[in-house]
Every structure is written in structure tokens, then in C-alpha cells.
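Listed below, chain by chain, are the residues.
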Amino acid sequence: MNQTVQNLLQPYKGILAADESTPSITKKFANVGLISTPELNKKYREMLFTTPDIEKYISGVILFDETIKQGLGEVLSDKGILVGVKVYQGLEIFNDTEEKVTKGLERLSERLDIYKNLGAMFTKWRMVVKISDVYPSDAFLTEDLGRMADYAKLVQEKGMTPIVEPEILLDGNHTNTRCEEITTKTLKRLFEILKEKSVDLTNLILKASMVIPGKESGVIVMPLEVSNSTLRTLQNSVPTEVPLIVFLSGGQTSDQSIFNLNEIAKLNKDKKFGPWDLSFSFGRALQDEALVAWGGKDENVKSAQDVFLEVLKKTSSARQGEL
Ligand code: 13P
């Protein structure tokens with residue numbers, strides 16, 4: 001198996017998504033009364049990455065362009081944590097519809113060379129699928145998944161490992177059944193296109209959404225139901241050659257994400273749904289409490305790191321189905 005994938009899928013470990021773009025970190029900071037600047041962003045991420053023992057629970061971190069260029073990849077490499085980087089560049093309107101496709105293929109090759117020189121071993125490309133009665137359209141899926149496959153192919157040619165992340169948005173009032181239907185359709189189409197473009201599925205990580213009803217549906221499903229529908233969806237759509245599937249938290253609370261992950265890991269312990277390793281690549285679910293505890297103050301670094309480490313430990317146990 002590819003060495004990067006093998007390092008990333010170690011038991012008890014997962015991937016930290018710390019790749020918020022400038023608008024995202026600005027919003028995140030504003031929610032706790034902070035003003036984002038490159039210096040403050042660096043301090044925050046340094047606080048996270050220098051947490052003692054982080055390497056027991058985290059095998060890789062996804063960085064944003066600003067962060068990898070600030071040299072923070074080295075802090076991670078020194079701890080044996082693999083450096084990843086987000087390489088797409090936002091979304092654009094598709095065909096005058098409400099659907100938005102991911103952009104970032106322009107000059108991607110040059111940017112990948114720069115990131116590789118800065119120590120990146122893996123990369124992330126995210127697209128967003130909005131569910132409604134009429135969306136996603138077939139034309140949108142073909143275009144957006146095609147771009148994702150072009151990205152994956154190029155990353156492999158550069159000797160790195162691509163994460164492909166077709167995020168199924170939680171926004172909307174759709175049912176669990178509709179979420180399962182759209183997630184299955186999206187993933188099946190993704191793997192068809194990846195195969196058409198000769199992407200090597202053994203050197204690829206799928207970052208997947210859990211199957212849950214829309215946020216505005218008012219329906220809360222229990223972890224056992226989430227795990228059943230999520231694993232059934234993956235079994236029906238993800239080829240067995242894919243070595244690793246990591247879940248995003250996608251706007252669920254930290255506890256929801258962790259308990260759902262725990263149930264998924266428990267249910268697939270004997271790999272009856274599929275042979276892939278299953279892990280996490282949470283952003284908000286891992287960081288939110290630590291950000292509040294830090295609050296931008298140097299004197300809070302130690303207590304924020306304690307909070308962060310507690311969440312990491314719990315998520316690590318959930319990744320093994322041991323909570
Ligand atoms: P969340 O876990 O906050 O959804 O972030 C993961 C991620 O990388 C989204 O692109």
C-alpha cells in the first residue's frame with residue numbers, strides 16, 4: 001500500500017482539518033470576538049499543533065495556503081505528523097443555477113510543486129452537493145466530479161496522495177432516505193469518473209459525509225441509524241480498492257460527530273460492509289471548544305491545549321469504536 005496512506009490510517013489516529021480559508025477563519029474568529037489576521041491565525045494554529053501528545057491521535061493535518069507558507073508544516077513534521085494542504089480555490093456558479101462548482105485547476109500544477117517543496121504529502125479538494133427536490137442535477141455532478149478527478153490525477157502524477165471530498169451539505173429539510181439516495185448517486189458517479197480518468201484508487205482517500213437528514217427537517221437520528229445508513233451507502237458505492245475513508249463533521253455538534261463515528265466504527269469492526277479503514281478528518285468538531293478556551297490570549301494556551309487534547313482522545317477512541 002502507498003506509504004502516505006499507510007501512515008495516515010494508523011489505528012487511534014485521524015486527520016485534523018485546519019485548512020480554513022481566509023473568509024472561513026475570519027467568520028470563525030468573529031464568532032468568539034476575534035479579528036483574523038495572518039499573525040493571529042498563525043498563533044491559533046501553532047497553539048493547536050504544539051499541543052503535547054497531539055501525535056498520538058493525529059496522523060495528518062490539512063493546512064491552508066497561508067499556513068503552509070508560514071512554515072507551520074515543520075512543527076508537524078517534527079512530530080511525525082504528515083502535512084496536507086487544501087488546493088482548490090473556492091466555488092463558482094454553475095450554468096446560472098443555484099449549484100456551485102469548485103474551482104482551482106488553473107495553475108494547479110505549479111502550486112502543487114510549491115506545496116511539495118514545503119513538505120506536503122497529501123492534498124484536499126472539496127466540492128459541495130446541495131440537496132433539494134431538484135438538485136443535484138446530473139450536469140452539475142458530471143462537471144464538478146470531473147474537475148475533482150482531474151485534480152486527483154494530477155496530484156498522483158506529482159507523487160502525492162489526493163483526498164477527494166464530495167461534501168453532501170447538511171442544509172435543507174431533506175429526509176435521511178433522500179440523503180442516502182443522493183450520497184450513493186454522487187459517490188457512484190465519482191468512482192465511475194475516477195476510473196474513466198485512470199486515477200489510482202489505491203492511492204486515494206475518500207472524505208465522506210455521514211448520512212443524516214437535513215438540518216431544517218427537525219429530525220434527529222440516533223447513532224445506530226446513522227451508522228447503518230452511512231455504511232450501507234458506502235458499501236453500495238465505494239470500490240473495495242479504496243484504502244481509507246475519513247469522515248467530516250459537516251456542521252454536526254462535536255458530540256454528534258464523535259458518537260456517530262463511534263457507532264460507525266463499531267458496526268464495521270469486522271469489516272462486513274467493506275474492507276476500507278474508517279477514520280475521521282474533522283475540522284469544527286475537533287477545534288470549536290479549543291478556540292473558545294483560547295480566545296486569542298497567550299495565557300490561555302495551556303488550558304486550550306488541555307481542552308483540545310480531551311476532544312482528540314475522545315475522537316480517537318470513537319475511531320476505534322471504543323467509546
Ligand atoms: P468539518 O469537520 O468542520 O466539516 O470540516 C472538515 C472539512 O475539511 C470540510 O471541508
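(A) The arrangement of the overall build of the chain in detail. Of regular secondary structure, the chain possesses 12 helices and 10 strands. The C-alpha radius of gyration computed for the chain amounts to 18 Å, which stays within 12% of the reference 20 Å derived for 323 residues, consistent with globular compactness. Within the chain, buried positions represent 56% of all 323 residues. Carbon and sulfur atoms make up 50% of the accessible area of the chain, which totals about 13400 Å². Averaging the locations of the 40 positively and 45 negatively charged side chains of the chain gives two centres separated by 2 Å.

(B) The arrangement of the sheet that holds strand β7 (residues 161-168) in detail. Pairing is parallel in the open sheet, where 8 strands are placed in the order β1-β2-β3-β6-β7-β8-β9-β10. Looking at the sheet topology across the chains shown, the edges are occupied by β1 (14-18) and β10 (277-280). Put simply, the sheet's adjacent strands are angled 25° from each other on average, direction ignored.

(C) Examining the site of the ligand more closely. Around the ligand, the surrounding shell consists of Ala17, Lys124, Arg126, Glu165, Lys207, Leu248, Ser249, Gly250, Ser281, Phe282, Gly283 and Arg284. In the environment of the ligand, an oxygen atom lies 2.9 Å from a nitrogen or oxygen atom belonging to the side chain of glutamate 165. When the ligand is considered free in solution it has 300 Å² of accessible area, and contact with the protein chains removes 92% of it. Class assignment for the residues of the shell around the ligand results in 3 nonpolar, 4 polar and 5 charged.

(D) Just the pattern of salt bridges, in detail. Tallying each qualifying case throughout the model produces 25 salt bridges. One salt bridge connects aspartate 255 with lysine 314, and the closest N-O pair in it is separated by 2.9 Å. Of the two residues, aspartate 255 is situated in helix α10 (residues 254-267) and lysine 314 in helix α12 (residues 301-319); the sequence distance between them amounts to 59 residues. Between lysine 313 and glutamate 310 there is a salt bridge, and its shortest N-O distance comes to 3.7 Å. Remark: glutamate 310 and lysine 313 occur in helix α12; sequence separation between them is 3 residues, near one turn of the helix. Classification of glutamate 310 by relative accessible area gives partly exposed; the value is 48%. One salt-bridge network, in which partners are shared between bridges, spans Glu20, Lys28, Arg45 and Glu66.

(E) The arrangement of the pairing of strand β9 (residues 244-247) in detail. In β9, alternate side chains face the same way, and those of Leu244 and Val246 on one face and Ile245 and Phe247 on the other are all buried. Two elements, strand β8 (residues 205-208) and β9, share 4 bridges in a ladder whose sense is parallel. Paired with alanine 208 across the bridge in β9 is phenylalanine 247. The parallel pair β8 and β9, bridged by helix α9 (residues 223-237), forms a crossover whose chirality is right-handed. In this structure, β9 lies alongside β10, joined through 4 bridges in parallel fashion. Bridging from a neighbouring strand, leucine 244 pairs with aspartate 277 of β10. Traced from β9 through α10 to β10, the parallel crossover comes out right-handed.

(F) Structural context of the environment of alanine 265. In this structure, alanine 265 sits in helix α10. In sequence terms alanine 265 and alanine 318 are 53 residues apart; their C-alpha atoms lie 7.1 Å from each other. Filtering out sequence-adjacent residues up to four positions away, alanine 265 remains in contact with Ala318, Arg319, Gln320 and Gly321.

What counts and how
Residues numbered from 1 in each chain as written. Predicted model: local features only at pLDDT ≥ 70, side-chain atom pairs only at ≥ 80, totals over all residues. Heavy atoms only, no water. Helix = DSSP H or I, 4+ residues; strand = E, 2+ residues; numbered from the N terminus. Rg over C-alpha atoms; globule rule 2.2 N^0.38 Å. Buried < 20%, exposed > 50% of the residue type's maximum accessible area, 1.4 Å probe, protein only. Areas by Shrake-Rupley, 256 points an atom, 1.4 Å probe, with all protein chains shown as cover. Lys, Arg positive; Asp, Glu negative; His and termini not counted. Charge placed at Lys NZ, Arg CZ, Asp CG, Glu CD. Pairing = 2+ DSSP bridges. Axes fitted to C-alpha atoms, helices over the stretch in contact; angles between N-to-C directions. Near = heavy atom within 4 Å. Polar contact = N/O pair within 3.5 Å; in protein donor to acceptor, adjacent residues only side chain to side chain. Nonpolar A, V, L, I, M, F, W, Y, C, P; charged D, E, K, R; others polar. Salt bridge = Lys/Arg side-chain N within 4 Å of Asp/Glu carboxyl O. Right-handed = clockwise from strand over helix to strand, strands pointing away. Contact = heavy atoms within 4.5 Å.

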